[in-house]
Structures are given as structure tokens and as C-alpha cells.
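A look at the structure
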Amino acid sequence: MEITTTLAANPTDDARLAEILSNPGFGTNFSDHMFTVEWTPADGWHKARITPYGPITLDPAAAVLHYAQETFEGMKAYRHDDGSIWSFRPEENAKRMVRSSHRLALPVLEPDDFVQAVTELVKVDQRWVPGNPEGGEKSLYVRPFMFASEKFLGVRPAEHVTFMVITSPAGAYFKGGVKPVTLWLTEEYTRAGRGGMGAAKTGGNYASSLVAQQEAYANGCDQVVFLDAQEGRYVEELGGMNMYFVFDDGSIVTPETGTILEGITRSSIIELAGKMGHHVTERKFGIDEWRDGVSSGRITEVFACGTAAVVTPVGSLKWDGGETPAPASTDLTMRIRQALVDVQLGRADDTFGWMHRIV
Ligand SMILES: *Cc1c(COP(=O)(O)O)cnc(C)c1O
């Protein structure tokens, strides 16, 4: 893919950038440039470009605004202590976007082009990748997304599609140390049904999760956990994070795929925990098994994972009329978390070959 680059005439000055990177928060500050490429059936992907970051013009009839034909990705670029910059398994995000786009009837962006777009943009905005001289967990969050930009209110796959990448510096997800999240079990809402789009990374899944998340807040919980739509019995995920259960014999279970979003953190943990000597199984996991397992002590740890938080221990689980206490331990959870963060930030050997050098 040939990319033309137009640099910002007035990039963020050093003092302001230093201020942003000292306390980046999440998703509020954006780097100086963005990547765009457009697609039509006649021309395929064309006009790949890096330009100054800024608002885009969209026709009010653009299909994405009406029918939500959209997919996205979430990944990070990490600065190692020697100044080099790396991404974590970017080809996995690229392949997942192909799968998501297939489900949303969007065109295929070749994984090589996806990785090139991310790599070139991060190179151009490399001064936006925060370092961690004092052992923190800052990174540059990278958000690739694809949407139906055709001006047309008929219902069919769009014939003008735009793919973009923007980036935003991110601080450590947990300020003041990792602490367990409490979960609300929603028995009213589900996030995905068989044959639906639960396995696709698409905005609609997030839109449908918001009301359940509000219910979680209203009940004093941090996050919501969804059950399967068919039987209301099996644990799926949090709507933005996948789940893991640790048993007292050291074995680990994670809900099987199909209606969950297959996280790259999730699949990395399957490999990592396996190498740490744990037996990991992907299977259906009943909500009763969770409640009973924590009460009996058979389940010693529960955790959730995703790019933003990496790994977070799960504390108590509440539902309408009941509550299960926090599992006994967070020991393995924290060791898995550390092992993953150490690879991402270059503090441990990348024995799996997961890191991709950008600068
Ligand atoms: C992105 C996402 C995850 C986590 O995936 P990672 O690749 O690990 O970041 C989990 N669930 C949903 C619904 C998601 O969209």
C-alpha cells in the first residue's frame, strides 16, 4: 500500500505534549496525525494517506449513522526503556478485523495493509508514545476503525467505505494499584445470540451493553457480566473483557468462543498460562459453577482481561437478590498480569515472538 504523508503544520508543542504524557488518562487526547484509506467496489482500497488529525466531513445520509455498519480494533504501542517502540501481535488485530468485517459485510482490508497503516502512523507520531522510566504502564492506544461512508439510505452493504487509524496516549488503567472489580450479573439483557454479531468487534455490541452497564453502576458494581442468550446459564464476558476462572488444583477455565469476542489478551493468556504449567480449558462455564465454586473454595480466583486493563482481578458478583463473595486469592491473576505486561514493555524476553518493532 502506498501512503502519502502530509505533516501537521502546527504539531503539539513539546511542553503541552509533556503535560499530556505525564497524565494521559484514556481516550481524551489524540496525536497530531491520522491515517485514512477509502474503498469502492471499482477501485478497491485507494488514497491511503496520513494527514493532520482533525474532524472529518460525513454526509448526513452516510450509512454508518443509520445502520451501524462499522468495525473497530483496539491495540497499543509500547515504548521500551531503550527508546524503541513496539506493538503486540498486530497481525492478530488485523485478522480479527477481517473476521469482524466479514460479519458486517464490509470489505477485507489485507492484514499486511492494516499492520502497515498502524506502523506508519505510530512512526509519524512516535513522540506521542509515552515511556515508563519509573516502571509504569503507559502506552499509546491505537484505534483502527472501518465504516460505511456511502451516502445512501437503502439497506445494503455500502459501496463507499472508509478505514481510519487514530491514536491516543493512555495511562495505567488502574491508578494507585490494581484492585478487584465488582461485577453485576444482568439477567435482563444479553449481548449476543447464536448467529448474531457477538464475535465481531463492532460498535453495536457496545451500544447494546450500555444500559446493562448503567444497571451495574446503579447496583454499586464496576462492570456487568453477560450470560448466554439461549439458556441464561452460561457466562459469556463483560462486554469489553473476557473471563477466566482458576481452580484450587491450578487448572484454568475460560468460556468457549462463538458468541464471545475472542480477545487477543485472552488467547495470549491461554498460551502463557500453559507455559506456566497450568492446564487451560475452553468450555461452557455455568453461572452456578461460579457461585458454588467460590463458596466451596474450589474456585480460588476469577479475573477478566482485555487490551485496556490487561488483566484485572474480579471480586464479588452481585445479582438481583444475591451476592457471592470475592474469591480467596489474586495470586496467579497478578503473576499472569505481570508476565504479560513485562513482555509488552520489554522487561522480559519475548519467548513467543509476540512483539513487532515499529521504531
Ligand atoms: C476488544 C474486546 C475484548 C478484549 O479483546 P482484546 O483483544 O484482548 O483487547 C473483549 N470483549 C469485547 C466485546 C471486545 O470488544
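Residues numbered from 1 in each chain as written. Predicted model: local features only at pLDDT ≥ 70, side-chain atom pairs only at ≥ 80, totals over all residues. Heavy atoms only, no water.

The name that an unreviewed UniProt entry assigns to the protein is Branched-chain-amino-acid aminotransferase, with the source organism given as Nocardioides thalensis. Heading Cofactor (unreviewed entry) of the UniProt record for the protein holds this comment: "pyridoxal 5'-phosphate". (UniProt positions renumbered as here; feature names shortened; annotations may be inferred.)

Bringing the packing of aromatic side chains into the picture now. Enumeration over the complete set of coordinates arrives at twelve aromatic pairs. Consider the rings of Phe26 and Tyr141, whose centres lie 5.0 Å apart with planes at 70°: the pair is edge-to-face. In this pair, Phe26 sits in the loop between helix H1 (14–22) and strand E2 (33–40) while Tyr141 sits in strand E7 (residues 139–148), placing the two residues 115 residues apart along the sequence. Plain terms: the ring middles of Phe245 and Trp290 are 5.0 Å apart, the flat faces sit at 70° to each other, and that makes the pair edge-to-face. Residue Phe245 is located in strand E11 (residues 242–247), and its partner Trp290 is located in helix H7 (residues 287–296); the two are separated by 45 residues in the primary sequence. On the basis of relative accessibility, which here comes to 0%, the residue Phe245 falls in the buried class. (Phe/Tyr/Trp six-rings, centres within 6.5 Å; stacked < 30°, edge-to-face > 60°. Helix = DSSP H or I, 4+ residues; strand = E, 2+ residues; numbered from the N terminus. Buried < 20%, exposed > 50% of the residue type's maximum accessible area, 1.4 Å probe, protein only.)

This part covers the site of the ligand. The full set close to the ligand counts 15 residues, and Lys201, Tyr206, Glu237, Thr265 and Thr307 are the nearest of them. With respect to the ligand, the side chain of Lys201 contributes an N or O atom lying 2.6 Å from an oxygen atom. At 2.6 Å, a side-chain N or O of Thr307 approaches an oxygen atom of the ligand. If the ligand stood free it would expose 380 Å²; the protein chains cover 97% of that surface. Broken down by class, the residue content of the shell around the ligand amounts to four nonpolar, seven polar and four charged. (Near = heavy atom within 4 Å. Polar contact = N/O pair within 3.5 Å; in protein donor to acceptor, adjacent residues only side chain to side chain. Areas by Shrake-Rupley, 256 points an atom, 1.4 Å probe, with all protein chains shown as cover. Nonpolar A, V, L, I, M, F, W, Y, C, P; charged D, E, K, R; others polar.)

The next point concerns helix H6 (residues 264–275). Structural remark: α-helix, 3.6 residues per turn; residues separated by three or four positions point the same way. The terminal C-alpha atoms of H6, which comprises twelve residues, lie 17 Å apart, in line with the 16 Å expected from a rise of 1.5 Å per residue. What H6 keeps buried is the set Ile264, Thr265, Arg266, Ser268, Ile269, Leu272 and Ala273. Looking one or two places after H6, you find Gly277, whose phi comes out positive at around 95°. (Expected span 1.5 Å × (residues − 1).)

The next thing to look at is the pairing of strand E13 (residues 280–283). Sheet topology places strand E12 (residues 252–255) next to E13; four bridges connect them, and they run parallel. Along E13, the bridge assignment pairs Thr254 with Glu282. A crossover links E12 with its parallel partner E13, the connecting element being H6, and its sense is right-handed. (Pairing = 2+ DSSP bridges. Right-handed = clockwise from strand over helix to strand, strands pointing away.)

With that settled, consider the packing of helix H3 (residues 90–103) against helix H4 (residues 111–124). Contact pair H3 / H4: the axes reach a minimum separation of 9 Å and the direction vectors enclose 125°. One way to sum up the angle between H3 and H4 is to call them oblique. For the element pair H3 and H4, the recorded crossing hand is right-handed. Between H3 and H4, the residues in contact are Pro90, Glu91, Asn93, Ala94, Lys95, Met97 and Val98 and Pro111, Phe114 and Val115, respectively. When its residues are assigned to classes, the contact of H3 with H4 shows seven nonpolar, one polar and two charged. (Axes fitted to C-alpha atoms, helices over the stretch in contact; angles between N-to-C directions. Parallel < 35°, antiparallel > 145°, perpendicular 65-115°, else oblique. Left-handed = near helix turned anticlockwise from the far one by under 90°. Contact = heavy atoms within 4.5 Å.)

Right, let's talk about the pattern of salt bridges for a bit. On inspection of all chains with the given rule, the structure shows 20 salt bridges. Residues Arg127 and Asp32 are paired through a salt bridge, measuring 3.5 Å at the closest nitrogen-oxygen approach. Here Arg127, found in the loop between H4 and E7, pairs with Asp32, found in the loop between H1 and E2; they are 95 residues apart in sequence, far enough to count as distant. Here Arg127 falls in the partly exposed class, since its relative accessible area comes to 31%. Here Arg96 and Glu73 are joined by a salt bridge, their closest N and O atoms 2.7 Å apart. Here Arg96 is found in helix H3, whereas its partner Glu73 is found in the loop between strand E4 (70–72) and strand E5 (75–79), with 23 residues between them in sequence. Counted as one network, the salt bridges with shared partners bring together Asp14, Asp32 and Arg127. (Salt bridge = Lys/Arg side-chain N within 4 Å of Asp/Glu carboxyl O.)

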